[in-house]
Amino acid sequence: KIALTVERDIAANFTAGVGTSYRDRKYDENVNSDAEIFSIGPFIDWKITEVIGLYVGVAWNDASYDGGAVANSDPFSDESSYEDFTGTARLSHVLNEVFNHQVELYRALADSDTSSYDEIEGIRYGASYTINSRVRLEGDVAYEDVESSGGILNDDYERWNTGIATELVLGPRLNCRIGYRY
């Protein structure tokens, strides 16, 4: 994957930018379709007050799948490709020096194990608690509505997921994050 982000501080509390990425997804075995995926889009990060922030980003995505997987033979064919928009809107709140939380609405396109891709729309709540200057605990819970592009299983479904993580500050510019997602 190759990615580039350019951002500029418009004001002390407002940043705007654009990001782009290109990914060439190749499988060793001919099980799923190989793909070339390109994304580009703008974002803003606005600190509305000392304790409330808003991030909004959108991206245009173009993915081309080769349809050359064994799973793409009838009756499981999925030669789907997409040109579509994704986006995130996140409202964050810093309660005090040790606790902050956020709520996020998002629409994403993700690789799938049983089809070319999944369209995901969701809402997530996350929080973090700083124990000391070197250790932070994080957790989140999300609800997602997932629609498959087809393939082996047409796995349209709704799901709840949650995650926990610990971030350790190892040095001035070195962090280690260990997490688990269910």
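Check the entry above for the structure.
Residues numbered from 1 in each chain as written. Predicted model: local features only at pLDDT ≥ 70, side-chain atom pairs only at ≥ 80, totals over all residues. Heavy atoms only, no water.

Chemist: What's the story with the pattern of salt bridges in this structure? I'm lost.
Modeler: For side chains of opposite charge, pairing can occur when their charged atoms come near one another. Considering all chains together, one arrives at 10 salt bridges under this definition. Residues Asp 84 and Arg 107 are paired through a salt bridge, measuring 3.1 Å at the closest nitrogen-oxygen approach. Highlighted residues: Asp 84 in strand β5 (residues 82–94) and Arg 107 in strand β6 (residues 99–111), separated in sequence by 23 residues. Asp 140 is paired through a salt bridge with Arg 181; the nearest N and O atoms lie 2.8 Å apart. With a gap of 41 residues between them, Asp 140 in strand β8 (residues 135–148) and Arg 181 in strand β10 (residues 174–181) connect regions that are remote in the sequence. It is possible to trace a salt-bridge network through shared partners that takes in Asp 84, Arg 107, Glu 119 and Glu 121. (Salt bridge = Lys/Arg side-chain N within 4 Å of Asp/Glu carboxyl O. Helix = DSSP H or I, 4+ residues; strand = E, 2+ residues; numbered from the N terminus.)

Chemist: In this structure, what is going on with the environment of Pro 42? I would like to understand it.
Modeler: Topologically, Pro 42 is positioned in strand β3 (residues 35–47). Note: C-alpha distance between Pro 42 and Ala 59 (17 residues apart in sequence) is 6.7 Å. The contact partners of Pro 42, leaving out residues within four places of it in the chain, are Gly 17, Val 18, Val 56, Gly 57 and Val 58. (Contact = heavy atoms within 4.5 Å.)

Chemist: Quick question: what am I supposed to make of the side chain of Asp 118 here?
Modeler: Relative to the elements of secondary structure, Asp 118 occurs in strand β7 (residues 117–132). As a buried residue without a salt bridge, Asp 118 has its nearest oppositely charged side chain in Arg 159, at a separation of 6.2 Å. Those residues within four positions of Asp 118 in sequence are excluded, and the remaining contacts are Ala 108, Leu 109, Ala 110, Ser 112, Val 146, Glu 147, Ser 148, Ser 149, Asp 155 and Tyr 157. (Buried < 20%, exposed > 50% of the residue type's maximum accessible area, 1.4 Å probe, protein only. Lys, Arg positive; Asp, Glu negative; His and termini not counted.)

Chemist: Looking at this structure, I do not really get the environment of Val 98. What am I missing?
Modeler: Note that Val 98 resides in the loop between β5 and β6. Discounting chain neighbours no more than four positions away, the residues touching Val 98 are Ser 128, Tyr 129 and Thr 130.

Chemist: Please explain the sheet that holds strand β2 (residues 14–25) as it appears in this structure.
Modeler: The pairing of strands in a sheet happens through backbone hydrogen bonds and is either parallel or antiparallel. With respect to topology, 10 strands assemble into an open sheet ordered β1-β2-β3-β4-β5-β6-β7-β8-β9-β10, the strand pairing being antiparallel. Both outer strands of the open sheet, β1 (2–11) and β10, are each paired with one neighbouring strand and no more. Across the sheet, the mean angle separating the axes of adjacent strands is 15° when strand polarity is ignored. Where β5 meets β6, eight bridges bridge the pair, whose relative direction is antiparallel. Counted as the bridge partner of Gly 87 is Arg 107 from β6. (Pairing = 2+ DSSP bridges. Axes fitted to C-alpha atoms, helices over the stretch in contact; angles between N-to-C directions.)

Chemist: What should I look at first to understand the pairing of β2 in this one?
Modeler: Successive side chains on a regular strand alternate, one facing one side of the sheet and the next facing the other. Here β1 pairs with β2 via nine bridges, running antiparallel. Looking across to β2, one finds that Asp 9 is bridged to Thr 15. Where β2 lies against β3, 12 bridges are found, and the strand directions are antiparallel. What sits directly across from Thr 15, in β3, is Asp 45.

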